[in-house]
Structures are given as C-alpha cells and as structure tokens.
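If you want the building blocks of each chain, they are given just below.
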Amino acid sequence: MTNNFDIKALIAEQTARSPISIKWDVIEKIQAECGEVATTYGTSSLPEEKNHVDEKFMQALVNGDFLTSASLAS
Amino acid sequence: MPALISGLFFAIFIMNQDNRKNFENYLIALQKAFIEHAAKSPQLDTMVAQYTSILNDPYTIVNADSAIKKYINFYNVLPNDDVYDEFKLIYFSSKEITNKLDSAGLADISKTHQRATLKLLEYRLKSPYAANRVQLTHRIELAINHNKVNEHFGEYGLYILHKCLFNAARDNAQRKSEAQTGTVGWS
C-alpha cells in the first residue's frame, strides 16, 4: 500500500499538472441562455441561499483530510 | 420567497459566491480522491488529465445544478436555508460526472470516480456522527465493480440512503444531548 506521504506528494504533482479551473463566466452564460430548469412541477427554483454547507467539513475536504483515512484502493 | 401557487413552487434562484466556492472545493477534493484511487495505475497521467477535463467542463456544474433543482422540485423539498448541502453537492455532481464518463466510454475512469465519490460520502457520514457503515460501503463498492449502481439504486437511491443515515444519526445525537441536559419536553 502506498503510504500517505507518497500519496500526498503524488496528488500535489498531479493536481499541479491538471488543475481544477471552473469557468464561472461560461457557466453563467449557459445558464442565462438556457433559462430556468423546467421540471415536472413547472419552472421553478429556490430562494437566494445562505451557505448551508458545514464549514469544517468543507475545510477538511480542501485539506484532503479524508486521504488519511483507510483507502478503498488499498 | 417561495410561494405556494396551486400546489406549485415558484421562486428565484441565485447561486451565491459561497455555493460556487463549495462546488469548486468539492471538485478539488474529488480530484484528490480520484488520484488516490488511481495511484497504482500505469496510465495515471492520462486518467487524471481526462478526468480533470470532465471536472472542468462548465456543463458538469450546469447539469449538476439542474439535477439538484429537478430533485427538489419533483419531491417538493423545502429546505430551511439552502439547497446545496454536502450530500447534494457530492451526489449530484458525481452523478453528472459518471454520466459523462460513461457516455465517453471511459469505463475504468468512471469506476475509479465512483469509488472516489463513495469515499467522500462515507467521509461525510463519519463526521461528526460516526454514521458510516462499513458493510454498506462494501456493498456499494460491489455494485460499482459490477456496474450495477444504477440498476440497484436508481436515480436518487444512493443520495437518499446517505442523507437519511446522516439525518437519523444527527437526530439521535440531538435527542441524547437533550436527554442529558434535561431539555426534553421543554423546547
């Protein structure tokens, strides 16, 4: 099994080579062109949101804390 | 504000900056989990490059966002604060990514992606209520290995399963806390 140090180094190398880059301007344009989502119950959505995501959990995700737990790949 | 009109909900939707950041953070975490699961593959570089191109595709978020809205509208879900909880972010984004990978014939990458998703869902169940179930994870992994996730769990089964486990654990913890502080029946 690859140890956590190696995994983290590998992840750093791979993510530097293939970075996540979300084009929000393009997404906005697509959503504006497509309009609201038509659903079974009509064209609708929900109110302007407050942030509902658990901040600690999201920070743990960003930090990659889950990588230190038992790996399914092992 | 949402308004109930003839049994239908109509409201205005705006994805705020927090939710955008959450989407982005989730995709970053998913990529890390994917690399961890693909670490031993001799084609790792190619797999990560192909996978990242799907993550970066603007339609991934557009379609995931649409899927969340469709789910909420179909089941008349009325969230107290926000539609984008962790489980919806993880599940609906991942499902869209799976669809794209399967459509492109990238079966191995799709399976690795689904294992990475399962790890994040399990990780969310672990904290803070220890609601994860090792046997459940193992069985879902078997479904992934045999391409049976859709057949066995359907469109929303995995999402509902994880969300209900989490909510039940949270409610139990809340009841225990109320019992310990003697607030049961007074709230």
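Residues numbered from 1 in each chain as written. Chains lettered and ligands numbered in written order. Predicted model: local features only at pLDDT ≥ 70, side-chain atom pairs only at ≥ 80, totals over all residues. Heavy atoms only, no water.

Talk me through the overall build of chain A; I want residue IDs and the actual numbers.
Per the secondary structure count, chain A includes 3 helices and 2 strands. Of the roughly 4300 Å² that chain A leaves accessible, carbon and sulfur atoms contribute 52%. (Helix = DSSP H or I, 4+ residues; strand = E, 2+ residues; numbered from the N terminus. Areas by Shrake-Rupley, 256 points an atom, 1.4 Å probe, with all protein chains shown as cover.)

Outline the confidence of the model for chain A, listing residues and values.
Residues and elements named next belong to chain A. The predicted model of chain A has a mean per-residue pLDDT of 73, with 59% of residues at 70 or higher. For chain A, the element scoring lowest by mean pLDDT is strand β2 (residues 42-43), at 42; helix α1 (residues 4-17) scores highest, at 88. Confidence over residues 70-74 falls short of pLDDT 50; this stretch has 15 contacts with residues more than four positions distant or in other chains. (pLDDT = per-residue confidence, 0-100. Contact = heavy atoms within 4.5 Å.)

Explain the environment of Ile-90 of chain B to me, using residue names and the numbers behind them.
Tracing the sequence through the fold places Ile-90 of chain B in helix α4 (residues 86-103). For Ile-90 of chain B, a relative accessible area of 1% translates into the label buried. When the C-alpha atoms of Ile-90 of chain B and Leu-158 of chain B are compared, they prove to be 11 Å apart, with 68 residues separating the residues in sequence. Apart from residues no more than four positions distant in its own chain, Ile-90 of chain B is found in contact with Phe-57 of chain A together with Tyr-26, Thr-117, Leu-120 and Leu-121 of chain B. (Buried < 20%, exposed > 50% of the residue type's maximum accessible area, 1.4 Å probe, protein only.)

Please set out helix α2 (residues 24-34) of chain A residue by residue, giving values where relevant.
Within the sequence span of α2 of chain A, burial applies to Trp-24, Ile-27 and Ile-30 of chain A. Taken down its axis, α2 of chain A places every buried residue within 120° of arc, on the same side. Turned more than 90 degrees away from the buried face of α2 of chain A sit Asp-25, Lys-29, Ala-32 and Glu-33 of chain A, all of them exposed. As for α2 of chain A, its buried residues are in contact with α1 (17-38) and α3 (58-74) of chain B. (Arc of directions from axis to C-beta.)

Describe the packing of aromatic side chains, listing the residues and the values that go with them.
Inspection of the entire model under this criterion finds 15 aromatic pairs over all chains. With a centroid separation of 3.8 Å and 15° between ring planes, the pair formed by Phe-34 of chain B and Tyr-51 of chain B is classed as stacked. A residue pair is termed long-range when its members are at least 10 positions apart, and Phe-34 of chain B in helix α1 and Tyr-51 of chain B in helix α2 (residues 44-56) qualify at 17 residues. Residues Phe-34 of chain B and Tyr-51 of chain B agree in their burial class; the two are buried. Through successive ring pairs, a cluster of aromatic residues spans Tyr-71, Phe-74, Tyr-75, Tyr-91, Phe-92, Tyr-156 and Tyr-159 of chain B. Arg-124 of chain B extends its terminal NZ or CZ atom over the ring of Phe-57 of chain A, reaching a point 4.6 Å from the ring centre. (Phe/Tyr/Trp six-rings, centres within 6.5 Å; stacked < 30°, edge-to-face > 60°. Lys NZ or Arg CZ within 6 Å of the ring centre and 35° of its normal.)

Account for the packing of helix α3 (residues 55-63) of chain A against helix α5 (residues 107-126) of chain B, with residues named and values stated.
For the pair α3 of chain A and α5 of chain B, interaxial distance at closest approach is 11 Å and the crossing angle is 140°. One element, α3 of chain A, and the other, α5 of chain B, form an angle in the oblique class. In terms of crossing hand, the pair formed by α3 of chain A and α5 of chain B is right-handed. Only Leu-120, Tyr-123 and Arg-124 of chain B of α5 of chain B make contact with α3 of chain A, whose side of the interface consists of Phe-57, Ala-60 and Leu-61 of chain A. Of the residues belonging to the contact of α3 of chain A with α5 of chain B, the class tally is 5 nonpolar, no polar and 1 charged. (Axes fitted to C-alpha atoms, helices over the stretch in contact; angles between N-to-C directions. Parallel < 35°, antiparallel > 145°, perpendicular 65-115°, else oblique. Left-handed = near helix turned anticlockwise from the far one by under 90°. Nonpolar A, V, L, I, M, F, W, Y, C, P; charged D, E, K, R; others polar.)

Residue-level account of α3 of chain B, with values.
Along an α-helix, residues three or four positions apart point the same way, because every turn accommodates 3.6 residues. All names here are of chain B. Between its terminal C-alpha atoms α3 stretches 24 Å, which fits the 24 Å expected from 17 residues at 1.5 Å a residue. Most of α3 sits out of view: 12 of its 17 residues are buried. If you check which residues of α3 are buried, you get Pro-58, Thr-60, Ile-61, Val-62, Ala-64, Asp-65, Ser-66, Ile-68, Lys-69, Tyr-71, Ile-72 and Asn-73. Two or three places before Tyr-59, at the opening of α3, Asp-57 has a side-chain oxygen 2.9 Å from that residue's backbone nitrogen. (Expected span 1.5 Å × (residues − 1). Polar contact = N/O pair within 3.5 Å; in protein donor to acceptor, adjacent residues only side chain to side chain.)

Provide a residue-level description of the packing of α3 of chain B against α4 of chain B, including the pertinent values.
What describes two packed helices is the angle between their axes and the distance between those same axes. All names here are of chain B. Contact geometry for α3 and α4: axes closest at 9 Å, N-to-C directions at 125°. With respect to α4, the element α3 is oriented oblique. Judged by the twist between their axes, the crossing of α3 over α4 is right-handed. On α4, the residues that touch Tyr-59, Thr-60, Asn-63, Ala-64, Ala-67, Ile-68, Tyr-71 and Ile-72 of α3 are Lys-88, Phe-92, Ser-93, Glu-96, Ile-97 and Lys-100. Residues that form the contact of α3 with α4 fall into these classes: 8 nonpolar, 3 polar and 3 charged.

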